[in-house]
Each structure stands twice: as C-alpha cells, then as structure tokens.
Amino acid sequence: AQSVTQLGSHVSVSEGALVLLRCNYSSSVPPYLFWYVQYPNQGLQLLLKYTTGATLVKGINGFEAEFKKSETSFHLTKPSAHMSDAAEYFCAVSAPSGGSNYKLTFGKGTLLTVNP
Amino acid sequence: DAGITQSPRHKVTETGTPVTLRCHQTENHRYMYWYRQDPGHGLRLIHYSYGVKDTDKGEVSDGYSVSRSKTEDFLLTLESATSSQTSVYFCAISERAGNEKLFFGSGTQLSVL
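This section reports on the structure supplied with the text.

Basis of the calculations
Residue positions are counted from 1 within each chain, in the order its sequence is given. Naming scheme: in the order in which they are written, chains are lettered from A and ligands are numbered from 1. This being a predicted model, a pLDDT of at least 70 is required before a residue's local features are given, and a value of 80 or more before pairs of side-chain atoms are given or counted; all residues contribute to the totals for chains, interfaces and linings. With hydrogens and water set aside, each side-chain value is computed from the structure's full complement of heavy atoms. Residues are called lining when one of their atoms sits within 4 Å of a cavity or pocket point, these points coming from a 1 Å grid over the protein atoms alone, where a cavity is a set in which a 1.4 Å probe fits but cannot get out and a pocket is an open set with protein on both sides within 12 Å along at least five of seven lines. Grid points are joined across faces, edges and corners, and a volume is the space filled by probe spheres set on the points. In DSSP terms, a helix is any run of H or I states spanning at least four residues, a strand is any run of E spanning at least two, and both are numbered starting from the N terminus. For this classification, Asp, Glu, Lys and Arg are treated as charged, while Ala, Val, Leu, Ile, Met, Phe, Trp, Tyr, Cys and Pro are nonpolar and the rest, including Gly, are polar. Here, residues are in contact when the closest pair of their heavy atoms is within 4.5 Å. When two components associate, each loses some accessible surface as probed by a 1.4 Å sphere; the sum of these losses over both components is called the buried area. By definition, a salt bridge exists where a carboxyl oxygen of Asp or Glu is found within 4 Å of a side-chain nitrogen of Lys or Arg. Distance and chemistry together define a polar contact, namely a pair of N or O atoms within 3.5 Å, with one atom able to donate a hydrogen and the other to accept it when in protein, and with adjacent residues in sequence counting only for side-chain atoms on both sides. A pair of sulfur atoms, both from cysteines and within 2.5 Å, is called a disulfide here. A 1.4 Å probe rolled over the protein chains alone gives each residue an accessible area, and that area as a share of the maximum for its type sets the label: buried under 20%, exposed over 50%, partly exposed in between.

## Thoughts on the layout of surface pockets
Turning to step 1, where the next piece is worked out: The calculated volume of the largest pocket comes to roughly 580 Å³.
Turning to step 2, where the next piece is worked out: As for the largest pocket, its lining consists of 30 residues, and the residues nearest its centre are A:Gln38, A:Asn41, A:Glu88, B:Gln37 and B:Val88.
Turning to step 3, where the next piece is worked out: Mapped onto the lining of the largest pocket, the elements with two or more residues apiece are β9 (87-98) of chain A together with β4 (31-38), β9 (87-94) and β11 (108-112) of chain B.
Turning to step 4, where the next piece is worked out: Its residues placed into classes, the lining of the largest pocket shows nine nonpolar, 17 polar and four charged.

Take a look at the structure:
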C-alpha cells in the first residue's frame with residue numbers, strides 16, 4: 001500500500017521568503033509523484049510532476065521539487081514567496097494497483113499563508 | 001481549462017434522501033474520478049471509471065454508487081444521504097492512468113441536514 005505524509009498542515013511565510021513544503025511518501029514500487037495547488041473555492045490544478053529522469057522538477061509559478069529516493073521525499077520549494085502563492089498544496093503519489101490501473105493517493109494538504 | 005462541468009454547484013438535502021451529482025466532460029478522456037474533500041483528510045477517492053460501464057471502488061465507497069453510460073458523463077449517487085456525507089465533491093478526469101495529470105472540476109458543496 002502507498003501513502004503520503006505532508007509535514008505541517010499550515011505553513012506561514014513572509015512575502016519574499018523561501019517556501020518549503022514537505023512531502024514524504026511510501027510505495028512498494030517506483031512511484032509517480034505530483035504536487036497540486038488549490039486556490040479558494042476552486043478545484044485542484046497541477047503544479048508539477050515527477051515520472052522518471054531528472055530528479056529536480058520545475059513547475060509553474062516558479063515552484064520546483066526534488067525527488068530523493070533515499071529519503072522517500074518530494075519536497076516543494078520556491079525561492080521567493082508572493083502573496084498570490086497563498087493556497088492549499090497537496091502532494092500525491094501514483095503507483096500500479098493491478099492490471100493497467102493506477103491508484104493516486106493524496107496527502108492531507110498544507111495551507112500556505114503569505115504575510116506582507 | 002479542461003472542459004469539466006459539475007452540477008449542481010451547491011445542494012442542501014435532508015438525511016435519508018437520495019442525491020445524484022453529475023460530472024460532464026468535453027475532453028473525451030477515458031478516466032473519470034469522484035473525490036470528496038474534508039478538512040484534515042485531504043482528498044479521498046470514492047469511485048473511478050476507466051471506460052463506459054467500467055467502474056471501480058475507491059477508498060471511501062460505502063454509501064455511494066456511480067454510473068457511466070457515456071464517455072462524457074459520470075454520475076455519483078448517494079443512495080440515502082447521511083450527515084457524514086456532508087462534504088465538497090470533486091470530479092476529475094485524465095486521459096490515461098499512471099503518470100498523467102488529473103484535471104479537476106470546480107466542486108459541488110453538499111450539505112446533508
């Protein structure tokens with residue numbers, strides 16, 4: 001079985017500061033990893049994903065994440081926070097669940113607050 | 001934006017009544033999903049579909065049923081609504097499984113009184 005743990009349900013940073021949102025996963029097979037963002041009263045949208053190859057993945061809005069197999073981590077970072085980054089962020093892992101189907105499991109989310 | 005429409009956007013109902021939520025897509029994607037979102041739980045998969053009339057259970061399927069008679073429509077039915085089913089329900093679609101991203105609808109806020 002696979003699982004995702006997001007460390008910190010709420011992270012608060014100042015505008016211009018580094019954003020670091022932590023995600024650890026467990027999976028019995030090499031997983032695909034995703035970060036999604038949810039703005040208030042909207043559905044989720046993809047920030048970035050890791051499938052294979054380069055372990056540092058760049059996404060939209062200046063975010064990036066690094067896949068570290070030895071640490072089973074996929075932390076999300078952004079060098080300088082903007083007010084518009086305030087949202088809830090979800091880490092997710094996808095792994096085979098039998099046949100050609102995959103199971104996508106989401107973490108519980110981290111609410112990012114950006115202070116002026 | 002992907003063409004996904006959820007209806008209704010908001011619904012208030014009473015305990016014990018049946019409720020059907022609709023998800024309609026215009027992308028011709030094979031996979032469709034229903035999730036519920038609750039504070040402290042993130043998103044949890046209720047049911048998903050991998051083709052017309054092909055569906056399977058997710059992790060929180062009790063009390064819910066689904067149907068997919070056409071590629072574009074995926075219906076979620078609460079057979080007898082309970083207060084524990086008060087939640088925000090999201091439909092999502094993807095072209096393939098595995099490493100494909102999901103496109104999400106705007107959600108349905110359901111309150112069961």
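## What about the interface of chain B and chain A?
Accessible area lost when the parts come together is the quantity often used to give the size of an interface.
Turning to step 1, where the next piece is worked out: Contacts between the two partners involve 20 residues from chain B and, on the opposite side, 21 residues from chain A.
Turning to step 2, where the next piece is worked out: Carbon and sulfur atoms make up 55% of the surface buried where chain B meets chain A, a total of about 1600 Å² over both sides.
Turning to step 3, where the next piece is worked out: The largest per-residue losses of area from chain B upon contact with chain A belong to B:Leu43, B:Gly98 and B:Asn99, which jointly make up 29% of the total buried on that side.
Turning to step 4, where the next piece is worked out: At the junction of chain B and chain A, the tally comes to zero salt bridges.
Turning to step 5, where the next piece is worked out: The interface formed by chain B and chain A includes two residue pairs in polar contact (both at pLDDT 80 or more).
Turning to step 6, where the next piece is worked out: Counting residues per element, the ones that place at least two in the side of chain B that touches chain A are β4 and β5 (42-51) of chain B.
Turning to step 7, where the next piece is worked out: At four residues, the largest contribution of residues to the side of chain B that touches chain A is made by β5(B).
Turning to step 8, where the next piece is worked out: Its residues assigned to classes, the side of chain B that touches chain A shows nine nonpolar, eight polar and three charged.

## Quick look at the environment of A:Ser3
All names here are of chain A.
Turning to step 1, where the next piece is worked out: Its location among the elements puts Ser3 in strand β1 (residues 3-7).
Turning to step 2, where the next piece is worked out: With 24 residues separating them in the primary sequence, Ser3 and Ser27 have C-alpha atoms 6.9 Å apart.
Turning to step 3, where the next piece is worked out: Sequence-distant contacts of Ser3, that is, excluding residues within four places in its chain, are made with Asn24, Tyr25, Ser26 and Val93.
Turning to step 4, where the next piece is worked out: Here the side chain of Ser3 touches Ser26 through a polar contact of 2.6 Å, side chain to side chain.

## Let's talk about the state of the cysteines
A disulfide bridge is the covalent bond that connects two cysteines by way of their sulfur atoms.
Turning to step 1, where the next piece is worked out: In this structure the tally under the stated criterion is two disulfides over all chains.
Turning to step 2, where the next piece is worked out: Put simply, A:Cys23 and A:Cys91 are joined by a disulfide, and their sulfur atoms are 2.0 Å apart. Because the torsion about its S-S bond is -65°, the bridge between A:Cys23 and A:Cys91 counts as left-handed. One end of the pair, A:Cys23, is in strand β3 (residues 19-26); the other, A:Cys91, is in strand β9, and 68 residues separate them in sequence. The exposure classification of A:Cys23 matches that of A:Cys91, with both residues buried.
Turning to step 3, where the next piece is worked out: For B:Cys23, the disulfide goes to B:Cys91, at an S-S distance of 1.9 Å. The sign of the S-S torsion, about -70°, decides the handedness of the disulfide formed by B:Cys23 and B:Cys91: left-handed.

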